[in-house]
Amino acid sequence: MLSKEMLAGLNDQIGKEMHSAYLYMAMSARSADLGLEGFARWFMIQYHEEMFHGMKIYKYIQDRGGEVVLKDIPAPEGDFPSVREMFEKTLAHEKTVTRSILDLLARAKAEKDAATEIFLAWYVTEQVEEEKTASDILRRFAYMGPGENPGCLFLDRAMGERKLEAPTDFSELVI
Ligand code: OFO
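Criteria and thresholds
- Residues numbered from 1 in each chain as written.
- Predicted model: local features only at pLDDT ≥ 70, side-chain atom pairs only at ≥ 80, totals over all residues.
- Heavy atoms only, no water.
- Helix = DSSP H or I, 4+ residues; strand = E, 2+ residues; numbered from the N terminus.
- Rg over C-alpha atoms; globule rule 2.2 N^0.38 Å.
- Buried < 20%, exposed > 50% of the residue type's maximum accessible area, 1.4 Å probe, protein only.
- Contact = heavy atoms within 4.5 Å.
- Arc of directions from axis to C-beta.
- 1 Å grid on protein atoms, 1.4 Å probe; cavity = no way out; pocket = protein on both sides within 12 Å on 5 of 7 lines; lining within 4 Å.
- Points joined across faces, edges and corners; volume = space filled by probe spheres on them.
- Nonpolar A, V, L, I, M, F, W, Y, C, P; charged D, E, K, R; others polar.
- Patch = residues over 30% accessible without salt bridge, like charges linked within 9 Å, V, L, I, M, F, W, Y side chains within 5 Å.
- Areas by Shrake-Rupley, 256 points an atom, 1.4 Å probe, with all protein chains shown as cover.
- Salt bridge = Lys/Arg side-chain N within 4 Å of Asp/Glu carboxyl O.
- Axes fitted to C-alpha atoms, helices over the stretch in contact; angles between N-to-C directions.
- Parallel < 35°, antiparallel > 145°, perpendicular 65-115°, else oblique.
- Left-handed = near helix turned anticlockwise from the far one by under 90°.

Draft legend 1. Quick look at the overall build of the protein. Secondary structure assignment for the protein yields five helices and zero strands. Taken against the 2.2 N^0.38 rule, which gives 16 Å for 175 residues, the C-alpha radius of gyration of the protein at 17 Å falls within 12% of a compact globule. Here the protein holds 175 residues, and 43% of them are scored as buried. Expressed as a percentage of contacts within the protein between residues at least 6 apart in sequence, the contacts between residues at least 24 apart total 83%.

This is the structure in structure tokens:
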């Protein structure tokens, strides 16, 4: 059984994952407004990934006999003047998510809650990937120099090739 504190932390994390999804949905919409359909697709796939992250926790809480308690999801902050700035924001955001996951992991270790520790290990690995992906994309922007330019259109084409891998039907979610 999950401790009261662990349950509260996991429920909060569902909200954080949903907020991440909301953030990337906003970035997808903004990319489409900028005429960058490849980036719009990339961010919408990221939205699905985040929904999956949240629903995985939802399922875990239920599997442990806990109650899922949903909170408000804050609106994404700020505007997104360019896709480069969206990825700067993405990297900063993912670092805060990593911190949050590590805090949960520290609690699980302190409580000797081995099941939650093992469950969270997936997220630790996932966050390494999330931060690396955002960093790699920012590195590509660095080759373009300041401002937006034709290189951005080239990158847009590459971004549009991203394939959706996360499940999107949570009615029979298996973790
Ligand atoms: Fe972006 O990894 Fe979940 O939040």
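Draft legend 2. Layout of helix α5 (residues 150–159). Buried residues of α5: Cys 152, Leu 155, Asp 156 and Met 159, and no others. Buried residues in α5, looked at end-on, bunch into an arc of 110°, giving them a common side. When the buried face of α5 is taken as reference, the exposed residues oriented beyond 90 degrees from it are Pro 150, Leu 153, Phe 154 and Arg 157. Where α5 is buried, its residues contact α2 (37–63), α3 (83–110) and α4 (114–144).

Draft legend 3. Representation of unusual backbone geometry within the structure. A positive phi angle, close to 55°, is found at Lys 112, a residue other than glycine. Under the relative-accessibility criterion, Lys 112 is labelled exposed at 75%.

Draft legend 4. View of empty space enclosed by the protein. In the structure shown here, the tally under the stated rule is one cavity of 30 Å³ or more. Roughly 40 Å³ of internal volume is contained in the largest cavity. Around the largest cavity, the lining residues are Tyr 24, Trp 42, Gln 46, Thr 90, Glu 94, Glu 130, Thr 133 and Ala 134. Where the lining of the largest cavity is concerned, the elements lending two or more residues are α2, α3 and α4. Of the residues that constitute the lining of the largest cavity, the class distribution is three nonpolar, three polar and two charged.

Draft legend 5. The environment of Gly 38, seen in detail. Tracing the sequence through the fold places Gly 38 in helix α2. Given a relative accessible area of 7%, Gly 38 falls into the buried group. Contact partners of Gly 38, with chain neighbours within four places excluded, come to Asp 156, Met 159 and Gly 160.

Draft legend 6. The environment of Arg 84, seen in detail. Position of Arg 84 relative to the elements: it lies in helix α3. For Arg 84 and Pro 146, which are 62 residues apart along the polypeptide, the C-alpha to C-alpha distance reads 9.8 Å.

Draft legend 7. Examining a nonpolar patch on the surface more closely. Taken together, the side chains of Tyr 22, Met 25, Met 44 and Ile 73 make up a nonpolar region of the molecular surface, amounting to roughly 320 Å² of accessible area. Secondary-structure assignment places Met 25 in helix α1 (residues 4–33). In this structure Met 25 comes out as partly exposed when scored by relative accessible area, which is 33%.

Draft legend 8. View of the packing of α2 against α5. Where α2 contacts α5, the axes come no closer than 7 Å and their chain directions differ by 40°. In terms of orientation, α2 lies oblique with respect to α5. Here the hand of the crossing between α2 and α5 comes out left-handed. Taken together, the residues of α5 that come into contact with α2 (itself represented by Glu 37, Gly 38, Phe 39 and Trp 42) are Cys 152, Leu 155, Asp 156 and Met 159. When grouped by side-chain class, the residues that make up the contact of α2 with α5 number five nonpolar, one polar and two charged.

Nothing here speaks to function; it is geometry throughout.
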